[in-house]
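What follows is the residue order along each chain.
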Amino acid sequence: MTKNEPFEILKQINYIRASGSAKEKEAAIHLQGLLKNWGLNAWLEEFEVPLYKVEEAFISAKGKTYAASPLRNSPAIDIEAPFYYVDQLREADFATCQGGVVLTQSVKASHDKLKDSGIKGILLAEGRAIDPPSYRHPQGNGFDFEAYLSNVPTLRIHIQDALQLLKEEVKTVHFKLQAITYKGTSQNVVADVPGAVAETLLVGGHYDSVPEGPGIRDNGGGSAIVASMAYYFSKHPLTRSLRFIFFGAEEIGLYGSRDYIKRHRDELSKYPMLMNIDVAGSAIGSNHIMVQGYNDLVRQMCKCVAELNYPAEVNARMVGSDSTPFGVAGVPSFMIARGSHPGLSFNHTKDDRIEFVDPKQLDAMAEFCIESLKLIDSRHKLAFRRGLTPKLTKEYEKRMKLLYGE
Ligand SMILES: [Zn+2]
């Protein structure tokens with residue numbers, strides 16, 4: 001049994017599994033192999049994804065060159081332009097910054113307005129001013145919603161370099177981004193554990209990682225838990241059927257979950273619920289259950305937390321993860337995640353590594369998820385209200401729809 005525990009499975013996919021890459025596919029085939037070894041019917045569902053490859057990204061000024069990392073999908077550019085700094089980029093700054101490159105903490109103007117502002121490029125700073133030299137390059141985890149949607153070329157630089165630009169009172173910068181977009185393939189891994197009745201509960205988690213690191217807590221840990229649950233239920237089936245979905249290409253825009261929904265549109269009304277595990281295993285952290293549905297599912301999960309004595313905060317909110325497209329498509333959904341202490345919080349960087357995972361935390365979350373499904377399955381009738389509350393619809397439309405909507 002031990003080799004089917006989450007940490008053992010996690011060790012088997014401890015490598016970079018970038019969305020749409022050969023390594024992502026290798027992980028998919030590995031997971032499929034495990035599921036098949038356990039006697040489950042498991043298959044891959046392939047779909048096309050837009051990939052983005054950075055060939056060159058830097059800025060230079062006063063004879064110094066600084067490493068940079070673009071926001072995904074930023075268009076290529078190669079210019080020499082005036083350099084400006086503003087704390088937060090607002091519409092009122094457009095006139096003075098026109099034709100230039102702007103270093104800012106965040107964009108407070110709408111992407112629509114920014115698009116036509118005449119600003120040629122945006123610089124965002126990330127990292128910490130006290131980082132040691134080995135960290136003196138952008139990790140690529142800073143994100144700005146409006147800059148991203150505006151399509152204005154945006155580069156992230158290290159905060160030490162940003163400080164240097166200010167210190168040197170730089171007037172112009174060379175801003176270069178050479179990147180290409182092309183089509184690739186990703187895949188979901190799907191496996192069924194039939195129960196006595198056809199009604200099917202969904203359990204999912206994405207197995208891809210960002211290209212910067214091995215995505216151990218986000219979400220190797222979650223996928224390892226999903227796999228260990230598939231193993232457990234293959235030996236101890238529930239009354240209801242279970243379907244396990246390992247989503248591909250989550251990190252570049254929830255492609256796996258969105259493909260699943262498109263492909264299985266006719267079946268969605270038959271799923272009473274989806275449990276999505278995304279981010280797990282941090283040695284020091286806190287657990288969160290975020291519902292994309294109505295209060296009846298919030299209450300259900302509060303009950304699970306109380307009865308199983310698992311410390312977790314439960315609420316209804318939007319999340320940038322695979323449960324969101326399901327919630328929007330009418331399948332009552334929730335995401336369970338383990339946050340990290342700020343000193344351990346390395347999601348989407350090369351430091352999301354296995355040594356910061358406590359196997360006991362993976363086991364505890366797996367046990368909670370298994371026991372919760374048992375409690376839910378013990379209910380005679382499952383009819384969580386479908387769709388999104390007005391509050392969630394508003395949250396979805398404000399942000400998620402722009403990022404991930406069709
Ligand atoms: Zn994730």
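For the structure itself, consult the block above.
Fair warning: this is a prediction, and the values are worked out from it, not measured in the lab.

Engineer: Quick question: what am I supposed to make of the overall build of the protein here?
Structural biologist: Counting secondary structure elements, the protein contains 12 helices and 14 strands. Relative to the globule expectation of 22 Å for 406 residues, the C-alpha radius of gyration of the protein, 22 Å, shows essentially globular dimensions. With the principal axes as the frame, the protein shows a C-alpha extent of 70 × 40 × 40 Å. Per-residue burial for the protein yields a buried fraction of 48% across its 406 residues. Look at the contacts in the protein between residues 6 or more apart in sequence, and 78% of them connect residues 24 or more apart.

Engineer: Help me understand the packing of helix H7 (residues 216-235) against helix H11 (residues 359-377) in this model?
Structural biologist: For any two helices packed against each other, the geometry is given by the interaxial angle and the distance between the axes. Packing of H7 against H11 leaves a shortest axis separation of 10 Å and a crossing angle of 50°. Relative to H11, the element H7 is oriented oblique. Relative to H11, H7 is oriented so that their crossing is right-handed. Facing H7, whose interface residues are Gly221, Ala224, Ile225, Ser228, Met229 and Tyr232, H11 presents Leu362, Met365, Ala366, Cys369 and Ile370.

Engineer: It is not clear to me how the nonpolar core should be interpreted in this structure. Could you clarify?
Structural biologist: In summary, soluble globular proteins display a tendency toward joint burial of nonpolar side chains. Core analysis: the largest hydrophobic core is formed by 74 residues, its most contacted members being Ile225, Ala230 and Cys369. Residues within four places of Ala230 in sequence aside, it is in contact with Leu35, Trp38, Leu40, Ala191, Val193 and Phe244. The next biggest cluster of nonpolar side chains, apart from the first, holds 30 residues, and it includes Tyr84, Ile119, Leu155 and Ile157.

Engineer: How should I be thinking about unusual backbone geometry in this particular structure?
Structural biologist: Outside of glycine, negative phi angles account for most residues, and trans bonds account for most peptide bonds. With an omega dihedral of 0°, the bond running from Asp218 to Asn219 counts as a cis peptide bond. Turning to its location among the elements, Asn219 is positioned in helix H7. For Leu254, which is not a glycine, the phi torsion comes out positive at approximately 55°. Tracing the sequence through the fold places Leu254 in the loop between strand S10 (240-247) and helix H8 (255-263). We classify Leu254 as buried; it has 24 C-beta atoms within 10 Å. Within the chain, Val279 stands out as a residue other than glycine whose phi angle is a positive 90°. Mapped onto the fold, Val279 is located in the loop between strand S11 (274-277) and strand S12 (285-292).

Engineer: Help me out: how do you make sense of the environment of Val189 in this one?
Structural biologist: Tracing the backbone through its elements, the reader meets Val189 in strand S8 (residues 172-193). Of the residues examined, Val189 has 27 C-beta atoms within 10 Å and is grouped as buried. Residues Val189 and Ile29 lie 160 residues apart in sequence; the distance between their C-alpha atoms is 8.1 Å. In contact with Val189, other than residues within four places in its own chain, are Ala28, Leu31, Gln32, Ala42, Leu44 and Phe246.

What counts, and at which threshold
Along each chain, residue indices are assigned from 1 in the same order as the chain's sequence is written. Local features in this predicted model are restricted to residues whose pLDDT is 70 or higher, and side-chain atom pairs enter the listing and the counts only when it is 80 or higher, whereas totals over whole chains, interfaces and linings include all residues. A run of H or I in DSSP becomes a helix once it reaches four residues, and a run of E becomes a strand once it reaches two; helices and strands are each numbered from the N terminus. Both definitions apply: the radius of gyration is a C-alpha atom measure, and the globule rule equals 2.2 Å times residues to the power 0.38. Burial is judged by counting the other C-beta atoms within 10 Å of a residue's own C-beta: 20 or more makes it buried, 12 or fewer makes it exposed, and any count in between marks it as partly exposed, with every C-beta position built from the backbone. Our contact criterion uses C-beta atoms placed from the backbone: two residues qualify when those atoms are within 7 Å. Angles run from 0 to 180 degrees between N-to-C directions of axes, and those axes are lines fitted to C-alpha atoms, restricted for helices to the stretch in contact. The labels follow the angle: roughly parallel below 35 degrees, roughly antiparallel above 145, roughly perpendicular from 65 to 115, and oblique for the rest. By convention the crossing between two helices is left-handed if the near helix lies anticlockwise of the far one by an angle smaller than a right angle, and right-handed if it lies clockwise. Think of a nonpolar core as buried Ala, Val, Leu, Ile, Met, Phe, Trp, Tyr and Cys residues, each tied to the set through C-beta atoms within 7 Å.

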